[in-house]
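These are the residues of each chain, in order.
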Amino acid sequence: MDIRFEQVDFTYQPNTPFEQRALFDLNLKIKNGSYTAIVGHTGSGKSTLLQHLNALVKPTKGTVTIGDRTIVPETNNKNLKPIRKKVGIVFQFPEAQLFEETVAKDIAFGPKNFGVSTEDAEKLAAEMLDLVGLDGSYLERSPFELSGGQMRRVAIAGVLAMEPEVLVLDEPTAGLDPQGRKEMMEMFQRLHEVRGMTIVLVTHLMDDVANYADHVIVLEQGQIVKSGTPQDVFHDLEWLKEKQLGVPTAASFAEKLIAKGITFEQLPLTAETLAEDLIKGLKKAGEDL
Ligand SMILES: Nc1ncnc2c1ncn2[C@@H]1O[C@H](COP(=O)(O)OP(=O)(O)OP(=O)(O)O)[C@@H](O)[C@H]1O
Ligand SMILES: [Mg+2]
């Protein structure tokens, strides 16, 4: 399922003294099966954009097409449920939304709300808990006695239990320790690779963009200022620095090597490609001796 924005504007509280325009003339496409990263400074409109992906908000102007559904400002709020099921959004700090007395009930809540039988919802809960890396012993525990990282996993399992085609993640690793962050990013990567899930990730970590995404959208004050592959977006280090977006660690290291006379066919963005390029260079230097 593709998602497409055509000339999308969004204004909070229009025609009031509190009117705040958040998105300006966005044109974009989230391709089925892609892994898209959305980056930009605080207040640039990332979370607002995400809420359009499953029609939680409707554009003030323009068109959002989600699979075979077209959302315009006049779209009726009825019958949006199927979209919410296909596009699952994990908001910032989702653990704040846990509320049931057991982990199993919390994860099963969404599917049951969508008409899945209690028995099947419980099966789904067990499966999804396993998927997020927690074993069955957690099912009957209270979510409120878990660690922050475990609560986050339970909240994500609740979104996964809806079996969405598109998984939207708003800074999913914020506040986690490095190990927890790595585990979680690898989990999303597995969902993408093994289950073919389309992933949309909001992050301020350029290493995560370089390591996982195949498409990047850069937002600035509600407008798209650049989009393309990670290579398209990151190759111009001067532009990145000017925009103060951060530079992937490997690219920053490569830049120092370039300053010392080492050349690369294209700027390496990940530790892996940097290592490969350096090995190639060393081998070639060996042959030339
Ligand atoms: N509920 C709201 N009412 C009015 N204005 C809002 C509301 N939510 C966001 N805004 C404004 O819309 C703009 C975009 O906000 P948004 O939350 O989408 O940015 P963001 O890129 O997600 O920021 P962050 O990185 O801090 O999460 C900002 O100017 C913000 O102040
Ligand atoms: Mg946000």
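The shown structure was predicted, so the numbers you read here are calculated from the model rather than taken from an experiment.

(A) Structural view of the nonpolar core. Counting 59 residues, the largest nonpolar core has Ile107, Leu129, Leu167 and Phe188 as the members making the most contacts within it. With 7 residues, helix H5 (residues 148-160) is the single largest residue contributor to this core. Setting aside anything within four residues of it in sequence, one finds Ile107 in contact with Ala125, Met128, Leu129, Val154, Ala157, Gly158 and Ala161. Judged by nonpolar contacts, the second largest core, of 29 residues, contains Leu23, Leu26, Leu80 and Val200.

(B) Region of the structure containing the sheet that holds strand E4 (residues 61-66). In spatial order, the strands read E2-E1-E4-E5; together these 4 strands make up an open sheet with antiparallel pairing. Each edge of the sheet is formed by a strand with only one pairing partner; in this case those strands are strand E2 (20-30) and strand E5 (69-71). Taken pair by pair, the neighbouring strands of this sheet meet at an average axis angle of 25°, ignoring direction. Where strand E1 (residues 3-12) lies against E2, 7 bridges are found, and the strand directions are antiparallel. Across the sheet, residue Phe10 finds its bridge partner in E2, namely Leu23.

(C) Fine view of the packing of aromatic side chains. For the structure shown, the criterion picks out 3 aromatic pairs. Centroid distance Phe10 to Tyr12: 4.8 Å. Interplanar angle 85°. Geometry classified as edge-to-face. Taking the relative accessible area as the measure of exposure, Phe10 reaches 8% and is therefore buried. Owing to a relative accessible area of 32%, Tyr12 belongs among the partly exposed residues under this scheme. Taken together, a centroid distance of 6.3 Å and an interplanar angle of 20° make the contact between Tyr35 and Tyr212 stacked.

(D) Expanded view of the packing of helix H3 (residues 103-113) against helix H4 (residues 118-131). Between H3 and H4, the least distance of the axes is 8 Å, while the angle of their chain directions is 120°. Taken together, the axes of H3 and H4 are oblique relative to one another. The two elements H3 and H4 meet at a crossing, and its hand is right-handed. Where H3 approaches H4, its residues Val103, Ala104, Ile107, Ala108, Pro111 and Lys112 are matched on the opposing element by Thr118, Ala121, Glu122, Leu124, Ala125, Met128 and Leu129.

(E) Fine view of the UniProt feature "domain: ABC transporter" (unreviewed entry) in the protein. The UniProt entry lists residues 3-246 under the feature "domain: ABC transporter" (unreviewed entry), expressed in the numbering used here. Spanning residues 3-246, this segment combines 36% helix with 25% strand, and its end C-alpha atoms are found 28 Å apart.

(F) Local environment of the site of ligand 1. The environment of ligand 1 is formed by 13 residues, the closest being Thr42, Gly43, Lys46, Ser47 and Thr48. Between an oxygen atom of ligand 1 and a side-chain N or O atom of Gln20, the distance comes to 3.1 Å. The separation between an oxygen atom of ligand 1 and a polar main-chain atom of Gly43 is 2.8 Å. For ligand 1, the accessible surface in isolation is 630 Å², of which the surrounding protein chains cover 64%. Of all elements in the fold, only E2 and helix H1 (46-52) reach the threshold of two or more residues within the shell around ligand 1.

(G) Fine view of the pattern of salt bridges. Taken as a whole and assessed by the stated rule, the structure comprises 14 salt bridges. We note a salt bridge from Arg195 to Glu127, for which the minimum N-O separation is 3.5 Å. Linking Arg195 in the loop between helix H6 (178-194) and strand E8 (198-202) with Glu127 in helix H4, this pair joins segments that are 68 residues apart in sequence. By relative accessible area, Arg195 is classed as partly exposed at 42%.

Procedures and definitions
Residues numbered from 1 in each chain as written. Chains lettered and ligands numbered in written order. Predicted model: local features only at pLDDT ≥ 70, side-chain atom pairs only at ≥ 80, totals over all residues. Heavy atoms only, no water. Core = buried A, V, L, I, M, F, W, Y, C linked by side-chain atoms within 4.5 Å. Buried < 20%, exposed > 50% of the residue type's maximum accessible area, 1.4 Å probe, protein only. Helix = DSSP H or I, 4+ residues; strand = E, 2+ residues; numbered from the N terminus. Contact = heavy atoms within 4.5 Å. Pairing = 2+ DSSP bridges. Axes fitted to C-alpha atoms, helices over the stretch in contact; angles between N-to-C directions. Phe/Tyr/Trp six-rings, centres within 6.5 Å; stacked < 30°, edge-to-face > 60°. Parallel < 35°, antiparallel > 145°, perpendicular 65-115°, else oblique. Left-handed = near helix turned anticlockwise from the far one by under 90°. UniProt positions renumbered as here; feature names shortened; annotations may be inferred. Near = heavy atom within 4 Å. Polar contact = N/O pair within 3.5 Å; in protein donor to acceptor, adjacent residues only side chain to side chain. Areas by Shrake-Rupley, 256 points an atom, 1.4 Å probe, with all protein chains shown as cover. Salt bridge = Lys/Arg side-chain N within 4 Å of Asp/Glu carboxyl O.

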